[in-house]
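What follows is the residue order along each chain.
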Amino acid sequence: QVQLVESGGGLVQPGGSLRLSCAASGFIFSRAYMSWYRQQAPGKERELVASITSSGGSTNYADSVKGRFTISRDNGKNTVYLQMNSLKPDDTAVYYCNALDIYMYWGQGTQVTVSS
């Protein structure tokens with residue numbers, strides 16, 4: 001059974017940092033292209049935040065988070081991370097982990113709220 005379990009969300013003040021984790025199981029993690037998406041409000045489209053290739057050798061970021069967020073992965077731990085620095089209120093969203101192998105899988109999401 002495939003599982004993507006996100007953790008690390010919470011409430012943080014503007015300018016603060018959070019590190020999201022996504023623990024994967026049920027598929028060959030080291031072959032999967034991994035991404036983080038976010039949805040800023042119910043009914044709003046999920047947007048791609050960051051992605052990383054299976055080896056971790058290449059990454060991609062949305063313009064809105066470039067220079068502030070860093071995606072990384074540990075294939076030995078079947079985990080992908082999103083380090084978020086200099087957080088802004090506009091970063092408030094539910095953040096979802098996504099895996100693309102033969103199929104596409106989603107986590108359940110973790111809430112990030114940036115507010116003073």
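All values reported here derive from a predicted model rather than from experimental measurement.

Any chance you could explain the packing of aromatic side chains here in plain terms?
What characterises a pair of aromatic rings is the spacing of the ring centres plus the angle enclosed by the ring planes. The final tally for this structure, using the stated rule, is four aromatic pairs. Pairing tyrosine 37 with tryptophan 106 gives two aromatic rings, centres 4.9 Å apart and planes at 65 degrees, and the pair type is edge-to-face. On the criterion of sequence distance, the pair formed by tyrosine 37 in strand E4 (residues 33-39) and tryptophan 106 in strand E10 (residues 104-106) is long-range, its members being 69 residues apart. What makes tryptophan 106 partly exposed here is its relative accessible area of 36%. Considering the side-chain rings of tyrosine 96 and tryptophan 106, the 6.4 Å spacing of their centres and the 85 degrees angle between planes classify their relative orientation as edge-to-face. Here the residue tyrosine 96 occupies a position in strand E9 (residues 93-100), and tryptophan 106 occupies one in strand E10, the gap between them amounting to ten residues.

Mind showing me how you'd approach the environment of valine 114 here?
Tracing the backbone through its elements, the reader meets valine 114 in strand E11 (residues 110-114). Exposure remark for valine 114: the relative accessible area of 4% places this residue in the buried category. In contact with valine 114, not counting residues within four places along its chain, are Val12, Gln13, Pro14, Leu87, Lys88, Pro89, Asp91 and Thr92.

How should I be thinking about the environment of glutamate 45 in this particular structure?
Relative to the helices and strands, glutamate 45 resides in the loop between E4 and strand E5 (47-52). Taking relative accessible area as the criterion, glutamate 45 reaches 69% and is therefore assigned exposed. Remark: the alpha-carbon pair of glutamate 45 and lysine 66, spanning 21 residues in sequence, is separated by 20 Å.

Help me out: how do you make sense of unusual backbone geometry in this one?
Outside of glycine, negative phi angles account for most residues, and trans bonds account for most peptide bonds. In this structure, asparagine 78 is a non-glycine residue whose phi angle is positive, near 55 degrees. Asparagine 78 gets classed as partly exposed once you look at its relative accessible area, which sits at 27%. Positive phi values are uncommon outside glycine, yet serine 86 reaches one of about 50 degrees. One can find serine 86 in the loop between strand E8 (79-84) and E9. Looking at serine 86, the relative accessible area reads 41%, which means it is partly exposed.

Where do I start with the state of the cysteines in this structure?
Inspection of every chain in the model, using the stated rule, returns one disulfide. Between cysteine 22 and cysteine 97 runs a disulfide, and the two sulfur atoms are separated by 2.1 Å. In this structure the cystine formed by cysteine 22 and cysteine 97 twists about its S-S bond by roughly -80 degrees; its chirality is therefore left-handed. Remark: cysteine 97 occurs in strand E9 and cysteine 22 occurs in strand E3 (residues 18-25); sequence separation between them is 75 residues. Given a relative accessible area of 0%, cysteine 97 falls into the buried group.

The rules behind the values
Residues numbered from 1 in each chain as written. Predicted model: local features only at pLDDT ≥ 70, side-chain atom pairs only at ≥ 80, totals over all residues. Heavy atoms only, no water. Phe/Tyr/Trp six-rings, centres within 6.5 Å; stacked < 30°, edge-to-face > 60°. Helix = DSSP H or I, 4+ residues; strand = E, 2+ residues; numbered from the N terminus. Buried < 20%, exposed > 50% of the residue type's maximum accessible area, 1.4 Å probe, protein only. Contact = heavy atoms within 4.5 Å. Disulfide = S-S within 2.5 Å.

Read these as layout, nothing more, since geometry by itself doesn't imply function.
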